[in-house]
Amino acid sequence: YYEAQGMLKETQGMPYSSEITVGVILPLSGRAAVFGRKVRNGLELASGALGYTDGPRIRLIFKDSGGDETTASYAVKELARNEDVVLIIGPLLKDTALAAAKEAQLQGIPIITLTKEQSITDLGEYVFRNFLTNPDEISGLVRYVVQGKGLCRFAILYPDDAYGQEMKDLFSRYVGYYGCNIVGEYAYTGDTADFRSVIQDLLNLTGSTKSSTTFDALFIPDYYNTAGLVIPYVYYYNLKSVTLLGTDGWNDPAILD
């Protein structure tokens with residue numbers, strides 16, 4: 001604390017630039033481009049590029065990682081060579097964020113990564129992280145549905161991959177903290193296109209029928225395109241009283257289609 005106070009006193013009265021240049025590395029092409037474009041829109045809004053200004057003007061220099069580790073690492077080198085760039089924001093995705101963070105630490109330029117990988121800051125003093133973690137997300141979701149909605153009986157329908165398994169385990173753990181129950185869990189493979197039999201199997205597993213379900217809510221930790229395939233069959237089996245729960249992967253307007 002006292003060291004920081006001394007540094008602040010040293011900088012008082014020093015001239016500063018009216019413009020701050022920030023490098024940004026995002027997947028603006030490739031499979032994660034839809035998320036990269038959303039982050040770009042948010043940064044442009046916050047920087048004043050769209051008209052709103054408060055304080056020094058922020059100039060953003062965007063680099064496309066394409067979701068590739070090597071490309072992200074090279075983008076850090078390019079931005080570090082620019083003397084005007086004071087820090088880097090990004091990239092998204094675990095592997096590209098790790099590659100960029102390692103290079104930023106070597107170059108001695110601060111980087112604020114946008115990843116759920118909590119250990120990334122262990123790489124060095126130049127590496128920071130600002131992103132919602134999976135435990136944060138699921139604890140908030142469970143708290144809301146249990147305390148806010150009064151739901152206490154849950155079923156889980158999850159993809160049989162690392163993401164689905166982690167979210168399923170987290171959801172089960174936090175539900176247990178509130179003394180509530182997981183009535184049944186059912187996994188499906190990534191190539192599943194017809195969910196009619198999947199929902200029927202889930203009903204059989206939980207002892208539910210079209211007229212009577214043993215769970216209040218169904219948790220589906222997958223992306224919006226898959227959720228869009230599941231939901232019609234939830235209604236086909238007349239489970240209209242069941243609340244549907246998802247993760248941030250549902251957060252896309254296209255889910256309404």
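Description of the structure in this document.

About the thresholds
Residues numbered from 1 in each chain as written. Predicted model: local features only at pLDDT ≥ 70, side-chain atom pairs only at ≥ 80, totals over all residues. Heavy atoms only, no water. Phe/Tyr/Trp six-rings, centres within 6.5 Å; stacked < 30°, edge-to-face > 60°. Helix = DSSP H or I, 4+ residues; strand = E, 2+ residues; numbered from the N terminus. Buried < 20%, exposed > 50% of the residue type's maximum accessible area, 1.4 Å probe, protein only. Lys NZ or Arg CZ within 6 Å of the ring centre and 35° of its normal. Polar contact = N/O pair within 3.5 Å; in protein donor to acceptor, adjacent residues only side chain to side chain. Axes fitted to C-alpha atoms, helices over the stretch in contact; angles between N-to-C directions. Parallel < 35°, antiparallel > 145°, perpendicular 65-115°, else oblique. Left-handed = near helix turned anticlockwise from the far one by under 90°. Contact = heavy atoms within 4.5 Å. Nonpolar A, V, L, I, M, F, W, Y, C, P; charged D, E, K, R; others polar.

In the structure shown here, the tally under the stated rule is eight aromatic pairs. Aromatic pair Tyr-163 and Tyr-223: ring centres 5.7 Å apart, planes at 20°, arrangement stacked. Placement of the pair is Tyr-163 in helix α6 (residues 162-177) and Tyr-223 in the loop between β8 (217-219) and α8 (224-236), with a sequence separation of 60 residues. Measuring from centroid to centroid gives 5.1 Å for Tyr-236 and Tyr-237, while their planes differ by 90°, and the two rings are edge-to-face. Judged by relative accessible area, Tyr-237 falls into the buried class, the value being 6%. An aromatic cluster is built from Phe-154, Phe-171 and Phe-219, whose rings are joined through pairwise contacts. Arg-40 extends its terminal NZ or CZ atom over the ring of Phe-62, reaching a point 4.0 Å from the ring centre.

Moving on to the side chain of Ser-47. Inspection of the secondary structure assignment puts Ser-47 in helix α2 (residues 33-47). Overall, Ser-47 belongs to the buried group, its relative accessible area being 8%. In terms of polar contacts, Ser-47 uses its side chain to reach the backbone carbonyl oxygen of Glu-44, at 3.0 Å.

Glancing now at the side chain of Thr-213. The residue Thr-213 is located in the loop between α7 (196-206) and β8 in this model. Among the polar contacts made by the side chain of Thr-213, one reaches the main-chain carbonyl oxygen of Phe-215 at a distance of 3.4 Å.

Between helix α5 (residues 134-148) and α6, the shortest axis-to-axis distance is 9 Å and the interhelical angle comes to 45°. Relative to α6, the element α5 is oriented oblique. Note on packing geometry: the crossing formed by α5 with α6 is right-handed. On α6, the residues that touch Asn-134, Pro-135, Glu-137, Ile-138, Ser-139, Leu-141 and Val-142 of α5 are Glu-166, Met-167, Leu-170, Phe-171, Tyr-174 and Val-175. Taken together, the residues that form the contact of α5 with α6 break down as nine nonpolar, two polar and two charged.

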